[in-house]
Amino acid sequence: KKSVFNLKTALLGLGAGALLISIARISARFEDLRDSLASVTGSIENGKQAFNFISDFATRTQFGVEELTRSFITLKASGIEPTEKLLRVFTDTAAVTTDQLGTLDALTRVFSRGVQGGLGLEELNMIADRGVPVFKILEKEIGKTRLELSEFGKTTEGASIILNALQKGLSETFTGATEKKLDNLSVAFS
């Protein structure tokens, strides 16, 4: 009886220790994210506001704070203001794909690269490869075929037109997809 009691006490101690270590790791990771946000936003206060925005936004999406923070930092560092509207377009689009995180990352990379010009088929294919009808959307929005987009996106102005049309088209096509996902068990765990 005494041995069972000692074993129970030891297991409870190990469980509590593992929980504390897990909490410490998460806290450390969030602290790293806040530091990165402070760096990219220009001040600790702006970084704190950005972290609060991302934390709140994460509760209404299928993505966690870490994934959204990576997107936020990449966009902000590229000169794009990562507004809730833009991030909502990304999460709504990702919600209809099987590789949601890959889609979020692809959209983030395409938009961050596109502001510098030189947006070509390779970048757009990153999104299309995830099952998003990007070329159909762009043909509808700006009237350019897949091959025409390659040439058109080589200039900063052309890339800007493509990104604006893509954002508009994705928004119109996938609005509300995130809300439909929020009832899924996988999102609840996230």
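Scroll up to find the structure.
Treat the numbers as computed from the prediction; the structure is a model and nothing was measured.

Peer 1: It is not clear to me how the overall build of the chain should be interpreted in this structure. Could you clarify?
Peer 2: For the chain, the count of helices and strands is eleven helices and zero strands. Per-residue burial for the chain yields a buried fraction of 38% across its 190 residues. Restricting the contact set of the chain to residue pairs at least 6 apart, pairs at least 24 apart contribute 63%. About 10,700 Å² of surface is accessible on the chain, with carbon and sulfur atoms providing 56% of the total.

Peer 1: Can you walk me through the environment of Ser71 in this structure?
Peer 2: Take Ser71: it is sitting in helix 3 (residues 65-77). For the pair Ser71 and Ser112, spaced 41 residues apart in sequence, the C-alpha to C-alpha distance is 9.4 Å. Contact partners of Ser71, with chain neighbours within four places excluded, come to Leu104 and Thr108.

Peer 1: Looking at this structure, how should I read the side chain of Asn125?
Peer 2: Within the secondary structure, Asn125 sits in helix 6 (residues 121-128). With near-sequence residues (within four places) excluded, Asn125 lies in contact with Phe135 and Arg146.

Peer 1: What is the right way to read the pattern of salt bridges from this model?
Peer 2: Once the charged atoms of two side chains with opposite charge are near each other, the side chains can pair. Under the counting rule described, the total for this entry stands at eight salt bridges. Here Asp99 and Arg130 are joined by a salt bridge, their closest N and O atoms 3.2 Å apart. On the criterion of sequence distance, the pair formed by Asp99 in the loop between helix 4 (84-95) and helix 5 (100-114) and Arg130 in the loop between helix 6 and helix 7 (134-142) is long-range, its members being 31 residues apart. Take Asp99: its relative accessible area is 36%, and that puts it in the partly exposed class. Among the residues examined, Arg130 registers a relative accessible area of 24% and is labelled partly exposed.

Peer 1: Help me understand the packing of helix 3 against helix 5 in this model?
Peer 2: How two helices pack is summed up by the angle between their axes together with the distance between the axes. The interhelical angle for the contact between helix 3 and helix 5, taken along N-to-C directions, is 10°, at an axis separation of 9 Å. Relative to helix 5, the element helix 3 lies roughly parallel. Between helix 3 and helix 5, the residues in contact are Glu67, Arg70, Ser71, Thr74 and Leu75 and Leu101, Leu104, Thr108, Phe111 and Ser112, respectively.

Peer 1: Looking at this model, I keep getting lost on the nonpolar core. Mind explaining?
Peer 2: Phe90, Phe111, Leu124, Ile127, Leu138, Leu166 and Leu170 are the most contacted members of the largest nonpolar core, which has 40 residues in total. At the level of elements, helix 1 (2-41), helix 2 (44-58), helix 3, helix 4, helix 5, helix 6, helix 7 and helix 9 (156-174) are the ones that each hand at least two residues to this core. Residue contacts for Leu170: discarding those within four places in its chain leaves Val89, Thr93, Leu107, Val132, Ile137 and Thr175.

Peer 1: So what exactly am I meant to see when it comes to the packing of aromatic side chains here?
Peer 2: The description of an aromatic ring pair rests on the distance of the ring centres and on the angle between the ring planes. Under the criterion given, the structure shown has three aromatic pairs. Here Phe53 and Phe57 contribute two aromatic rings whose centre-to-centre distance is 6.0 Å and whose plane-to-plane angle is 20°, an arrangement assigned as stacked. Placement of the pair is Phe53 and Phe57 together in helix 2, with a separation of four residues, close to one helical turn. Cation over ring: Lys144 sits above Phe152, and NZ or CZ is 4.8 Å from the ring centre.

Peer 1: I would appreciate a short explanation of the environment of Lys154 in the present structure.
Peer 2: Along the polypeptide, Lys154 turns up in the loop between helix 8 (146-152) and helix 9. Exposure remark for Lys154: the relative accessible area of 53% places this residue in the exposed category. Taking the C-alpha atoms as reference points, Lys154 and Leu119, separated by 35 residues in sequence, lie 5.8 Å from one another. Among the polar contacts listed, one links the side chain of Lys154 to the side chain of Glu151, at a separation of 3.2 Å.

What counts and what doesn't
- Residues numbered from 1 in each chain as written.
- Predicted model: local features only at pLDDT ≥ 70, side-chain atom pairs only at ≥ 80, totals over all residues.
- Heavy atoms only, no water.
- Helix = DSSP H or I, 4+ residues; strand = E, 2+ residues; numbered from the N terminus.
- Buried < 20%, exposed > 50% of the residue type's maximum accessible area, 1.4 Å probe, protein only.
- Contact = heavy atoms within 4.5 Å.
- Areas by Shrake-Rupley, 256 points an atom, 1.4 Å probe, with all protein chains shown as cover.
- Salt bridge = Lys/Arg side-chain N within 4 Å of Asp/Glu carboxyl O.
- Axes fitted to C-alpha atoms, helices over the stretch in contact; angles between N-to-C directions.
- Parallel < 35°, antiparallel > 145°, perpendicular 65-115°, else oblique.
- Core = buried A, V, L, I, M, F, W, Y, C linked by side-chain atoms within 4.5 Å.
- Phe/Tyr/Trp six-rings, centres within 6.5 Å; stacked < 30°, edge-to-face > 60°.
- Lys NZ or Arg CZ within 6 Å of the ring centre and 35° of its normal.
- Polar contact = N/O pair within 3.5 Å; in protein donor to acceptor, adjacent residues only side chain to side chain.

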